[in-house]
Amino acid sequence: MADDITKKEHYVPQCYLRNFAISGNPEKIHVFDKIKGQTRRDQNILDNAQERYFYDIDIDRILAEASDENRAAIMKQLGADYEVLHNDKTQYIEKLFGKELEGGYSQLLKDIIDKACSATSWYISNCYCMSEEQKIAFSVYLSVQYLRTRKTRNMIEEGCTKLYETLFRKIYNQRCEDDKLELKPGDVTFSIGKEALKILHAEMFLDMDAILDLSVVFLNHIWVIYINNTKIPFWTSDSPVVLNNMPSGVTANKGIASNGIEIYLPLSGKVCLALYDREVYEMAFALKTSFEDRFYLQASDEIVERCNMIQVKECNRCVFSEIDDFSVAEKMCRDYPALMQKKEYFDAG
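Residues numbered from 1 in each chain as written. Predicted model: local features only at pLDDT ≥ 70, side-chain atom pairs only at ≥ 80, totals over all residues. Heavy atoms only, no water.

### Topic: the overall build of the chain
Stage number 1. Of regular secondary structure, the chain possesses 13 helices and eleven strands.
Stage number 2. For 349 residues, the compact-globule formula gives about 20 Å, and the C-alpha radius of gyration of the chain, at 22 Å, lands near that figure.
Stage number 3. Viewed in the frame of its principal axes, the chain has a C-alpha envelope of about 70 × 55 × 40 Å.
Stage number 4. Looking at the chain as a whole, 45% of its 349 residues qualify as buried.
Stage number 5. Long-range pairs, those at least 24 residues apart, make up 76% of the contacts in the chain between residues at least 6 apart in sequence.
Stage number 6. Of the charged side chains in the chain, 43 are positive and 55 negative; the average position of the first set lies 4 Å away from that of the second. (Helix = DSSP H or I, 4+ residues; strand = E, 2+ residues; numbered from the N terminus. Rg over C-alpha atoms; globule rule 2.2 N^0.38 Å. Buried < 20%, exposed > 50% of the residue type's maximum accessible area, 1.4 Å probe, protein only. Contact = heavy atoms within 4.5 Å. Lys, Arg positive; Asp, Glu negative; His and termini not counted. Charge placed at Lys NZ, Arg CZ, Asp CG, Glu CD.)

### Quick word on the nonpolar core
Stage number 1. Counting 52 residues, the largest nonpolar core has Phe138, Ile225 and Leu267 as the members making the most contacts within it.
Stage number 2. Among the elements that line this core, the one with the most residues is helix H5 (residues 92-117), at nine residues.
Stage number 3. Once you skip the residues sitting within four places of it in the chain, Leu267 turns out to touch Tyr16, Asn19, Phe20, Leu109, Ile112, Ile113, Phe138, Ile225, Cys272 and Leu273.
Stage number 4. Among the nonpolar cores identified, the runner-up in size contains 18 residues, and Val224, Phe295, Ala299 and Ile310 belong to it. (Core = buried A, V, L, I, M, F, W, Y, C linked by side-chain atoms within 4.5 Å.)

### Here's the deal with the side chain of Asp56
Stage number 1. Assignment of secondary structure puts Asp56 in the loop between strand E4 (50-52) and helix H2 (59-65).
Stage number 2. Nearest to the buried, unbridged Asp56 among oppositely charged side chains is Lys198, at 6.6 Å.
Stage number 3. Contacts of Asp56, omitting those with residues within four sequence positions, involve Glu9, Gln91, Glu195 and Lys198. (Salt bridge = Lys/Arg side-chain N within 4 Å of Asp/Glu carboxyl O.)

### What to know about the sheet that holds strand E8 (residues 262-266)
Backbone hydrogen bonds are what pair the strands of a sheet, in a parallel or an antiparallel way.
Stage number 1. Taken together, the five strands give an open sheet; going across it, the order is E7-E8-E9-E5-E10, and neighbouring strands pair in mixed fashion. The open sheet is flanked by strand E7 (242-244) and strand E10 (295-299), the only strands paired with a single partner. With direction set aside, neighbouring strand axes in the sheet form an average angle of 30°. (Pairing = 2+ DSSP bridges. Axes fitted to C-alpha atoms, helices over the stretch in contact; angles between N-to-C directions.)

### Description of the packing of helix H8 (residues 150-175) against helix H9 (residues 194-205)
Stage number 1. Closest axis-to-axis distance for the H8/H9 pair is 10 Å, and the angle between their directions is 110°. Regarding the angle of H8 to H9, the classification is roughly perpendicular. Crossing of H8 against H9: the hand is right-handed. Note on element contacts: H9 touches H8 through Lys194, Leu197, Lys198, Leu200, His201 and Met204, opposite Thr152, Arg153, Ile156, Glu157 and Cys160.
Stage number 2. Looking at the contact of H8 with H9 residue by residue, the class counts come to five nonpolar, two polar and four charged. (Parallel < 35°, antiparallel > 145°, perpendicular 65-115°, else oblique. Left-handed = near helix turned anticlockwise from the far one by under 90°. Nonpolar A, V, L, I, M, F, W, Y, C, P; charged D, E, K, R; others polar.)

### Quick word on the sheet that holds strand E2 (residues 28-33)
Stage number 1. Read across the sheet, four strands follow the order E3-E2-E11-E6 without closing on themselves; strand pairing throughout is antiparallel. Among the strands making up the open sheet, the edge pair consists of strand E3 (38-44) and strand E6 (236-237).
Stage number 2. Pairing analysis gives five bridges linking E2 to E3, with the strands arranged antiparallel. Counted as the bridge partner of Val31 is Arg40 from E3.

### Let's talk about helix H7 (residues 132-147)
Given 3.6 residues per helical turn, the α-helix brings residues three or four places apart onto the same face.
Stage number 1. Taking 1.5 Å of rise per residue, 16 residues should cover 22 Å, and H7 covers 23 Å from first to last C-alpha, within 8% of that figure.
Stage number 2. The complete set of buried residues in H7 reads Gln134, Lys135, Phe138, Ser139, Tyr141, Leu142, Ser143, Val144, Gln145 and Leu147. (Expected span 1.5 Å × (residues − 1).)

### Regarding H9
Stage number 1. Its twelve residues give H9 an end-to-end C-alpha distance of 17 Å, which sits within 8% of 16 Å, the value for a rise of 1.5 Å per residue.
Stage number 2. Restricting attention to buried positions, one finds in H9 the residues Glu195, Leu197, Lys198, His201, Ala202 and Phe205. For H9, the arc enclosing every buried residue in end-on projection is 145°, short of the 170-degree limit, so these residues lie on one face. (Arc of directions from axis to C-beta.)

### Focus on the environment of Asp111
Stage number 1. Mapped onto the secondary structure, Asp111 falls in helix H5.
Stage number 2. Each C-alpha atom, one on Asp111 and one on Gln134, is 9.5 Å from the other, the two residues being 23 residues apart in sequence.
Stage number 3. Among the polar contacts made by the side chain of Asp111, one reaches the side chain of Gln107 at a distance of 2.9 Å. (Polar contact = N/O pair within 3.5 Å; in protein donor to acceptor, adjacent residues only side chain to side chain.)

### Quick notes on the packing of aromatic side chains
Stage number 1. For the structure on display, the rule yields 21 aromatic pairs.
Stage number 2. Both rings, one in Phe54 and one in Tyr55, keep their centres 5.1 Å apart while their planes meet at 80°; by these two values the pair is edge-to-face.
Stage number 3. Classification of Phe54 as buried rests on a relative accessible area of 1%.
Stage number 4. Aromatic pair Phe168 and Phe190: ring centres 5.8 Å apart, planes at 65°, arrangement edge-to-face. Pair noted here: Phe168 is in helix H8 and Phe190 is in the loop between H8 and H9, with a separation of 22 residues, a long-range link. (Phe/Tyr/Trp six-rings, centres within 6.5 Å; stacked < 30°, edge-to-face > 60°.)

### Some points on the packing of helix H12 (residues 301-314) against helix H13 (residues 327-335)
Geometrically, a packed helix pair is captured by the angle between its two axes and the distance between the axes.
Stage number 1. At a closest axis distance of 10 Å, the pairing of H12 and H13 adopts a crossing angle of 50°. Taken together, the axes of H12 and H13 lie oblique to each other. Regarding H12 and H13, the two cross each other, and that crossing is right-handed. In this structure, H12 uses Met309, Val312 and Lys313 to contact H13, whose residues at the interface are Val328, Ala329 and Met332.
Stage number 2. The residue inventory of the contact of H12 with H13, partitioned by class, reads five nonpolar, no polar and one charged.

Right, here's the structure in full:
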């Protein structure tokens, strides 16, 4: 059984990362770590965008993290199921992603990339970049990838703890009769056990109804495949599905259904999938193509650099590339030191 245990569990599939591998070495990649402001060259793909036992839920660690009162309640609720969970070494989630999901994803990626890289000028102008069936299938993979990363887990943790802290503080202050004793933001803190956090995360990315709801939102956007013939490759990251929104004159809302949203997933150094809010971008793209959806566009230097900068801004920590020139990322970190700090996603009111 021990030989079957996977220790390094990837939240970005290796089959995807290999599309950004160093030329001639499909298992190596260049890495820029924005927290350290450091480039690491010739790194093993196996060792990146992964954590030890990232998906495995250890019932004994959950019990160890719980208070005495909660531990007793959990044991009572589990009953005879405790022994089953205690002895469970099946790594269900890791195997679900590795065998059931990523096999189809790998082939679909290959088909879309190969088609884009071999497209002639006539084909780019006159043909869809993927079939409707491929678009539907890819929307599911897109949804899963969007939810399964370390960044999403960090957002869940921060959202839960800040919600608990804010509710506790507001309830306490409502009952407090002395204004001088009222709690201020930061006066009270909560934490979630790392194993319990895994459960909250798994409930999200294993919820098929939620996955399908996300997929429908993605499907309703305009889908574009950018073909990159510049000297600058597309970068990807440890959170490769990135969102950007820069509406004029208002605070940008970065939900996937937000007005004006742009969503990018680089597929290789030469190919990038982009999704655009239909309401805002339909007229702009109508001037460039007769297609309403699923079309090719040639990527300029400006588009490639912009996509790469969004990856740096929105990744959890690391950016990946087939070449080791991360000068743009290094400059971003120098100009905006906040990029090198742990990102906060929610404001506690």
